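Observations on the three-dimensional arrangement
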Amino acid sequence: MDVERGSVRSVLSGVRRSVAPTAAGPRAGTPHAGAGRPPARLPGSRRPTAVPPDQQTSSPWILMYHSVAVEKEDPYQLTVSPERFAEQIAWLHRRGRRGVSVRELMRARAAGKDDRLVGLSFDDGYADFARYAVPILQAYGFTATAYVVADLLGRANEWDAEGPRKKLLTVQEVTELAAAGWEIGSHGLGHQSLPGLPADVLAVQTRESRRALEDVVGGPVTGFCYPYGAVDLPATLAVRDAGYDYACAIAHSPLTGRYALPRCYVGDRDGAWRLRAKRGRHRLRDTVTGLRRSRLAARRENGR
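The rules behind these values
Residues numbered from 1 in each chain as written. Predicted model: local features only at pLDDT ≥ 70, side-chain atom pairs only at ≥ 80, totals over all residues. Heavy atoms only, no water. Helix = DSSP H or I, 4+ residues; strand = E, 2+ residues; numbered from the N terminus. Buried < 20%, exposed > 50% of the residue type's maximum accessible area, 1.4 Å probe, protein only. Expected span 1.5 Å × (residues − 1). Contact = heavy atoms within 4.5 Å. Phe/Tyr/Trp six-rings, centres within 6.5 Å; stacked < 30°, edge-to-face > 60°. Arc of directions from axis to C-beta. Pairing = 2+ DSSP bridges. Right-handed = clockwise from strand over helix to strand, strands pointing away. Patch = residues over 30% accessible without salt bridge, like charges linked within 9 Å, V, L, I, M, F, W, Y side chains within 5 Å. Areas by Shrake-Rupley, 256 points an atom, 1.4 Å probe, with all protein chains shown as cover. Salt bridge = Lys/Arg side-chain N within 4 Å of Asp/Glu carboxyl O. Lys, Arg positive; Asp, Glu negative; His and termini not counted. Charge placed at Lys NZ, Arg CZ, Asp CG, Glu CD.

Brief notes about unusual backbone geometry
For D124, which is not a glycine, the phi torsion comes out positive at approximately 85°. For D124, the location among the structural elements is in the loop between β5 (117–122) and α4 (128–139). By relative accessible area, which is 1% here, D124 ends up buried. The backbone of H191 shows a phi angle near 60°, a positive value even though the residue is not glycine. Position of H191 relative to the elements: it lies in the loop between β7 (183–186) and α6 (199–217).

Here it is as structure tokens:
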């Protein structure tokens, strides 16, 4: 078994038949048009045409990381140095906060016990998560979630048109991380943007990535993260129908809720004062989103 390269589905070829690409949309894993990554802090979101599932009046505080490494070139501003990352985690600890996986955060929130918790999420499943981030997090008793691209384990960030090639976690590394208690979530099959895809392609991207990763981790995969942070209403419904418990987006939007959780982008420039400012901005955006929803609900009520 080649656990260093290749897709989860190819490694587990005897487990089930792979889903073939459909004529209705691009093959899973094939970069969509304009596949150069947009800035992480500026996701594409579309206005919903109906009420999104499981809206919430407020959202938990979740930090969004990608890569923890040393890079000379970082055009997409996705990389945080190990030294800076250690400073950021130490700051959370000094503030009396505990970093946890998004799965743990959502469970604590449901029980009303999330007051001092902050979600830590790592998109794309870079191999440096295990090398640099995990030891630092372990030193403080923190946990986190790694969202991995099911069909690209052991390969590289082929979807990024510019910037350095970064190795992704292998099947074996994902298995070991899950066994050690780290949450593994889905980031789709091939890092394909979901908005605008046909329903059958959405089903493949959400359901098949979950099934493949569950075979790897030997347990349930309950979290999803939208590639590029891009989300529309059909995408949220597909994620819900695929059996996920929650999904992470980036920005606050009319879709904000359990299946479009907003997150705070964290970069290498973010020290203590910038993190404090981002926490305040998150609260402000929660308030604005809530006010907009109230106004929309009032208009609907008056229109009856």
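A short note on helix α8 (residues 272–303)
Between the first and last C-alpha of α8 there are 47 Å, a value that for 32 residues agrees with the 46 Å anticipated at 1.5 Å per step. Looking at α8, one finds that the buried residues are R274, L275, K278, R279, H282, D286, T289 and R293. Considering only its buried residues, α8 is in contact with α2 (82–94) and β10 (264–265).

Concerning the packing of aromatic side chains
A complete count under the given rule lists eight aromatic pairs for this structure. Residues F122 and F129 carry aromatic rings whose centres are separated by 4.9 Å and whose planes lie at 55° to one another, so their mutual orientation is tilted. The exposure class assigned to F122 is buried, which follows from its relative accessible area of 2%. Judged by relative accessible area, F129 falls into the buried class, the value being 2%. Ring centres 5.2 Å apart and planes at 65° place the aromatic pair F224 and Y244 in the edge-to-face group.

Thoughts on helix α3 (residues 102–110)
Of all the positions in α3, only V102, L105, M106 and A108 are classed as buried. The arc enclosing the buried residues of α3, seen along the axis, measures out at 165°, which places them on a common side. Looking at α3, the residues exposed on the side facing more than 90 degrees away from the buried face are R107 and A110. Against the buried residues of α3 lie β1 (62–65), β4 (98–100), β5, β6 (145–148), β7 and β9 (246–248). Positive backbone phi, at 70°, marks G112, one or two positions downstream of α3.

Comments concerning the pairing of β7
The two faces of β7 match: E183 and G185 on one face and I184 and S186 on the other face are all buried. In the sheet, β6 pairs with β7 via four bridges, with the strands oriented parallel. Note on β7: the bridge partner recorded for Y147 is G185. Following the backbone out of β6, through helix α5 (residues 171–179) and into the adjacent parallel β7, one traces a crossover that is right-handed.

Brief notes about a positive patch on the surface
There is a patch of like positive charges on the surface, built from R95, R116, R276 and R283. Position of R95 relative to the elements: it lies in the loop between α2 and β4.

Side note on the pattern of salt bridges
For side chains bearing opposite charge, pairing can occur when the charged atoms are close. A complete count under the given rule lists twelve salt bridges for this structure. K278 serves as the salt-bridge partner of D270, at 2.8 Å between the closest nitrogen and oxygen. The burial state of D270 is the same as that of K278; both residues are buried. Connected through shared salt-bridge partners, D270, R274 and K278 make up one network.

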